[in-house]
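Summary of the model geometry
Here is what each chain is made of, one letter per residue.
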Amino acid sequence: MFTANTTLMLVATFLPVLGALVLLFVPKGQRRIFEIGSLITMIASLLLSLPFWFGYDRASDAVQWAGAWTWIPALGVKFSVGMDGISLLLWLLTTFIGPIAVACSFKSIEERHKEYYIWMLVLQTAMLGVFITQDMFLFYLFWEVMLVPMYFLIGIWGGPQKLYAAIKLFLYTLAGSVLMLVAILAIYFLQHKVTGAYDFSLASFQAMAPVIAQQSKTYQHLMALAFFIGFAIKVPMFPFHTWLPDAHVQAPTAGSVILAAILLKMGTYGFVRFLLPILPTATKELLPWFIALALIGIIYGALVAMIQKDMKKLVAYSSVSHLGLCMLGLFALNPYGIKGGLFQMINHGISTSGLFLAVGIVYERRHTRMIADFGGLSKTMPVYATIFMIMTMSSIGLPLLNGFIGEGVILMGSFQAFPWAAVVATLGIILGAAYMLWMFQRVMFGPITAVNEKMDDLSLREVLYFAPLVAAAFWIGLYPKPVMDVMDAPVRKLVEQVTPGFHAAEALAAKQAAAAKLGMQGMAAPAHHEAAPAGHEAAAEGHAAHEAPAHETPAHGGGH
């Protein structure tokens, strides 16, 4: 049975595709109806999603607003939905980005408006569906459906090499999806062999972790690598990243925004939701390789970004570097690292969306993205320059903005797990500041040409779709606690799934540290209390030992 809240969640998720069905009956020539209709639909979906932010029980690690309906009983498939704190944040990010992506398309899309906005709405529902599903079959269905609208958005409304980029995106993602499907089916049939039942539910797959750990190492490693490659292509991690720059450069501005903000997060979400809890033993055994690829991605992405002449390609390669940092945090397998990785996924969606929108603004006016074609824009476009600066500093990780918190927590977690890797990752952050500041300086300052002097500053519509991103960057940077609170319990649960007893060991270490501290104080005590009776000392020590647990380090590992 579905509760009222579950029904509301489904309405918010499927409202965009319902809007697309309505637009199918509108004549092709009604451009304004497609623009306003799709924008209103996206805003309505966003408004319907907001109550879930306020209604989420932050103390619980359970799936909330859960509902299930038997769909294909012979295969054990259910239409099962629900969200925990991790999926809630990404679901809300998706509804947040949707109206912005539609609003930025009003001037840049000049043909086939009906098809464009219908595909945008279908894509929105497919992305939202990925984050609410609690059934592996249903997850795979949404995962694959999501690829089709993006293929057409790039292949029809993209740049000069749009077909090449669209086909490359499709083939890479499809290859990863097939490997992931093989792993899902292998675990599905292993589950039937052990339990005698067919069940595609996510909970049953995660419950198979102890059984999978008893299989041969070859089996475990093959399953882990199948999941890893499927998700690594979507992230994308080095060396599976080569589709990304082409897709970003050829995609329309809204396509780049959605690709950076949401689609890339599907890969990181897959690691958190499937690989880590289902195959923790194999993940730990392969961890050195995964960490090495994350570090290579951080440094390689930054170095390649530094030599780019195209602003959009520079921002695309920056995503390779930044998401490598997110993966490093997730692979730390401790509360700080995982929280930092998840937190930075949200931050990347905000800052990189703003950067792609900023690049799209100048491209609409000049039809070029080459850094060398600009200069001195701050003189003629001061509002644009201010917003571009905020998004640039957000991407760099300037204090008071969202990127700073995420990078800091990732480095804390990775330093606890592997200090040497944290040091290498810091180099990538420094390089990131270098290439972003270099681009900003070249575009915004210096001499200005006659053609750039004629460029108009931001219109009201453009300011309005930038405003939520700027507000979010400052809000998260100044007060990250609400976001951290939402992911706290699910991260605690995930760490316990990957490393059983982690929090008990952490609590024991805190008790031992407190006891050692009391012992040192006791050694110094006689110098000040020599006349105290022995019985009084014993009572005082007993009282201190009784009080010590009240001052333990929180078991959840902090992160606030």
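Keep in mind the model is a prediction, meaning the values are calculated, not measured.

In this sheet, strand β2 (residues 77–83) lies alongside strand β1 (residues 64–72) in antiparallel orientation, the contact comprising 6 bridges. Each bridged residue has a counterpart across the sheet, and for Ile72 the counterpart in β2 is Val77. Hairpin connection of β1 to β2: 4 residues between the antiparallel strands, including Gly76 at a positive phi of 75 degrees.

Here the focus is empty space enclosed by the protein. One pass over the structure, following the stated rule, counts 5 cavities of 30 Å³ or more. Considered as a void within the structure, the largest cavity measures approximately 70 Å³ in volume. Contributing to the lining of the largest cavity are Ile298, Ser321, His322, Leu325, Ser395, Ile396, Glu407, Ala425, Gly428, Ile429, Gly432 and Ala433. No other element matches the 5 residues that helix α18 (residues 419–444) contributes to the lining of the largest cavity.

All told, the structure shown has 34 aromatic pairs when counted by the stated rule. Geometrically, the ring pair formed by Tyr465 and Phe466 is tilted, given 5.5 Å between the ring centres and 35 degrees between the ring planes. Owing to a relative accessible area of 0%, Phe466 belongs among the buried residues under this scheme. An aromatic cluster is present here, built from Phe139, Trp143, Phe227, Phe228, Phe231, Phe271, Phe274, Phe290 and Phe331 joined pairwise through their rings. Across the ring face of Trp53, the terminal group of Arg58 is positioned such that the distance to the ring centre comes to 4.9 Å. Arg366 extends its terminal NZ or CZ atom over the ring of Phe374, reaching a point 5.6 Å from the ring centre.

Rules used throughout
Residues numbered from 1 in each chain as written. Predicted model: local features only at pLDDT ≥ 70, side-chain atom pairs only at ≥ 80, totals over all residues. Heavy atoms only, no water. Pairing = 2+ DSSP bridges. Helix = DSSP H or I, 4+ residues; strand = E, 2+ residues; numbered from the N terminus. 1 Å grid on protein atoms, 1.4 Å probe; cavity = no way out; pocket = protein on both sides within 12 Å on 5 of 7 lines; lining within 4 Å. Points joined across faces, edges and corners; volume = space filled by probe spheres on them. Phe/Tyr/Trp six-rings, centres within 6.5 Å; stacked < 30°, edge-to-face > 60°. Buried < 20%, exposed > 50% of the residue type's maximum accessible area, 1.4 Å probe, protein only. Lys NZ or Arg CZ within 6 Å of the ring centre and 35° of its normal.

So far we have only geometry, and geometry alone does not tell us how the molecule works.
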